[in-house]
Amino acid sequence: MYQRLYLQIPGPTNIPEPILNAMHRPAIDHRGKEFTALLGRCVEGLKEIFRTSGDILLFPGSGTGGLEAALANTLSPGDRVLALDAGVFSRRFGEIAGNFGAEVITVRAEAGDAVSPEAIEAVLAADKNFDIRAVLLTHNETATGVTMDLSGVRAAMDRLGHPALMLVDAVSSLAITPLDMDEIRADVVISASQKGLMLHSGLMIAAVGKRAWEASASAKMPRWFWDFSRVKQSMSAGQMPYTPPVALFFGLEASIGMLREEGLQNVLDRHAQNAEAVRAGLEALGLELLVREKAVRSNAVTAVRLPEGLRFSDLHAAAGAKGLVIGGGLQDLKDSIFRIGHLGMLRQPEVFALLGLLEAALADSGCNAKIGAAMSAAASIYRQSGRS
Ligand code: PLP
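This write-up is about the structure you can find in this document. (Residues numbered from 1 in each chain as written. Predicted model: local features only at pLDDT ≥ 70, side-chain atom pairs only at ≥ 80, totals over all residues. Heavy atoms only, no water.)

### Details of the overall build of the protein
Piece 1. Tallying secondary structure elements over the protein gives 13 helices and 13 strands in all.
Piece 2. The C-alpha radius of gyration of the protein comes to 21 Å, within 12% of the 21 Å expected for a compact globule of 388 residues.
Piece 3. Projecting the C-alpha coordinates of the protein onto the three principal axes gives extents of approximately 60 × 55 × 35 Å.
Piece 4. The long-range share in the protein, meaning contacts at least 24 apart out of those at least 6 apart in sequence, stands at 73%.
Piece 5. For the protein, the accessible area works out to roughly 15700 Å², and carbon and sulfur atoms hold 51% of it. (Helix = DSSP H or I, 4+ residues; strand = E, 2+ residues; numbered from the N terminus. Rg over C-alpha atoms; globule rule 2.2 N^0.38 Å. Contact = heavy atoms within 4.5 Å. Areas by Shrake-Rupley, 256 points an atom, 1.4 Å probe, with all protein chains shown as cover.)

### Here's the deal with the packing of helix α10 (residues 264-284) against helix α12 (residues 348-364)
Piece 1. Closest axis-to-axis distance for the α10/α12 pair is 10 Å, and the angle between their directions is 20°. By the angle between their directions, the pair α10 and α12 is classed as roughly parallel. Here α10 runs over α12; the crossing is right-handed. Where α10 approaches α12, its residues Asn-274, Ala-277, Val-278, Gly-281 and Leu-282 are matched on the opposing element by Val-351, Leu-354, Leu-355 and Leu-358.
Piece 2. Split into classes, the residues belonging to the contact of α10 with α12 amount to seven nonpolar, two polar and no charged. (Axes fitted to C-alpha atoms, helices over the stretch in contact; angles between N-to-C directions. Parallel < 35°, antiparallel > 145°, perpendicular 65-115°, else oblique. Left-handed = near helix turned anticlockwise from the far one by under 90°. Nonpolar A, V, L, I, M, F, W, Y, C, P; charged D, E, K, R; others polar.)

### With respect to helix α6 (residues 150-160)
Piece 1. Listing the buried residues of α6 in full gives Leu-150, Gly-152, Val-153, Arg-154, Ala-156 and Met-157.
Piece 2. Taken together, the buried residues of α6 touch α5 (117-126), β5 (132-138) and β8 (165-169).
Piece 3. Between the side-chain oxygen of the N-cap and the backbone nitrogen of Ser-151 there are 3.4 Å, and the N-cap of α6 in question is Asp-149.
Piece 4. In the segment just after α6, Gly-161 is the residue with positive phi, at about 60°. (Buried < 20%, exposed > 50% of the residue type's maximum accessible area, 1.4 Å probe, protein only. Polar contact = N/O pair within 3.5 Å; in protein donor to acceptor, adjacent residues only side chain to side chain.)

### Digging into the site of the ligand
Piece 1. The environment of the ligand is made up of 13 residues, and the closest members are Ser-62, Thr-64, Thr-142, Asp-169 and Lys-195.
Piece 2. Contacts to the ligand include Gln-194, whose side-chain N or O atom sits 2.8 Å from an oxygen atom.
Piece 3. Between the ligand and Lys-195, the relevant distance is 2.6 Å, taken from an oxygen atom to a side-chain nitrogen or oxygen of the residue.
Piece 4. Across the complex, the protein chains shield 87% of the 390 Å² of accessible surface that the ligand would expose by itself.
Piece 5. Of all the secondary-structure elements, those providing two or more residues to the shell around the ligand are α3 (63-72) and α4 (88-99).
Piece 6. Taken together, the residues of the shell around the ligand sort by class into two nonpolar, eight polar and three charged. (Near = heavy atom within 4 Å.)

### As for the sheet that holds β8
Piece 1. Read across the open sheet, the seven strands follow the order β2-β10-β9-β8-β5-β3-β4; overall the sheet is mixed. A strand with exactly one partner marks an edge of an open sheet, and here the two such strands are β2 (55-60) and β4 (103-108). With direction set aside, neighbouring strand axes in the sheet form an average angle of 20°.
Piece 2. As judged from the five bridges shared by strand β9 (residues 188-192) and strand β10 (residues 203-208), these two strands associate in the antiparallel manner. Bridged to Ser-191 within β10 is Ile-205.
Piece 3. Contacts from α6 reach β5 and β8, with the element oriented near 170° to β8.
Piece 4. Of the strands in this sheet, β2, β9 and β10 are in contact with helix α8 (residues 228-236), which crosses β2 at around 100°. (Pairing = 2+ DSSP bridges.)

### Section: the layout of surface pockets
Piece 1. Empty space within the largest pocket amounts to approximately 360 Å³.
Piece 2. Every residue lining the largest pocket is counted, 13 residues in all, and those nearest its centre are Arg-4, Leu-5, Asn-14, Ile-15 and Pro-16.
Piece 3. Of all the elements in the fold, those that place two or more residues in the lining of the largest pocket are β1 (6-8) and α1 (17-23).
Piece 4. Broken down by element, the residue count for the lining of the largest pocket peaks at three residues, all from β1. (1 Å grid on protein atoms, 1.4 Å probe; cavity = no way out; pocket = protein on both sides within 12 Å on 5 of 7 lines; lining within 4 Å. Points joined across faces, edges and corners; volume = space filled by probe spheres on them.)

Written out as structure tokens, the structure is:
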């Protein structure tokens, strides 16, 4: 039986119809003029979204490949890097660096806390000889729903005159949370197709600045598939070094069109507001959010502590039976939280649907939540903003 799915995991997101329709096309020659023109339009659109005049490189692949690419193109084995551990994805960035032979200094935060710019500044301040070559920053830690203050990190690096490269994972923040690559002078920013760009997974995007290109000239970490120079050379001739996922490019052009039509700032504002409405709804139910500090709560995903006695598998099944798909905790948070994704093409109807379905699923799983309270709390957030 057909049932509309409310896919409220923290990515992939639901895919809007204009994007689905754009992808429903026969294959074209990826070495022909039509693809070259499509590639050029996608690159121009992505520059607006990353807010950069640097290079945009596209790869078949997922976000994790992008993390590997950012490291392999700018560093050499033995280089010292500063990494964060505030959850699975920031930890992964540091792990990849270590596997490629970097010496990794890790700054940790408890699950649900952000690594503060001050904590990063303290490590960089002690690095008097500027041995730290790169700072690895996960803009939005999707595992816990924490956003990190990239501008604060840039300000700290400027205060110290520290020349480390800034490598940013924006997989779950691009087109969701304000990010201006050129303003914060990030050197590499990585993203992927399946989150704010509202596409299927399969396309990795690397935005590469001038200092990253300089670093790549002497970087010795091994690379072939992820080699930025090879891709840049091929893309400057309107092609890619390997067979591109062409359907995703058709979808990407439609996605860029939708983001342009709404206006990037409006898209970011909508995400902020939906996130606030979801959080207000969840708290009104008496649920406890994992992230306590309001200023760092994510616009993409909210992690909720599982109420005493409620198992994620039961809640997941009860929600699934109603057509609502929610995310679970990852690794060490597996049995203690669930996650609601509120990224991508969500407007008020979808937010009310997800909260209503979640209330019903909580009731079905025997949870003693204040059923009914979420909708009115969310409605009052929209009313206050004049968006009702
Ligand atoms: N970084 C962040 C912040 C993510 O949220 C994810 C995936 O959710 C990744 C990296 C890994 O991306 P992928 O699963 O596309 O490899």
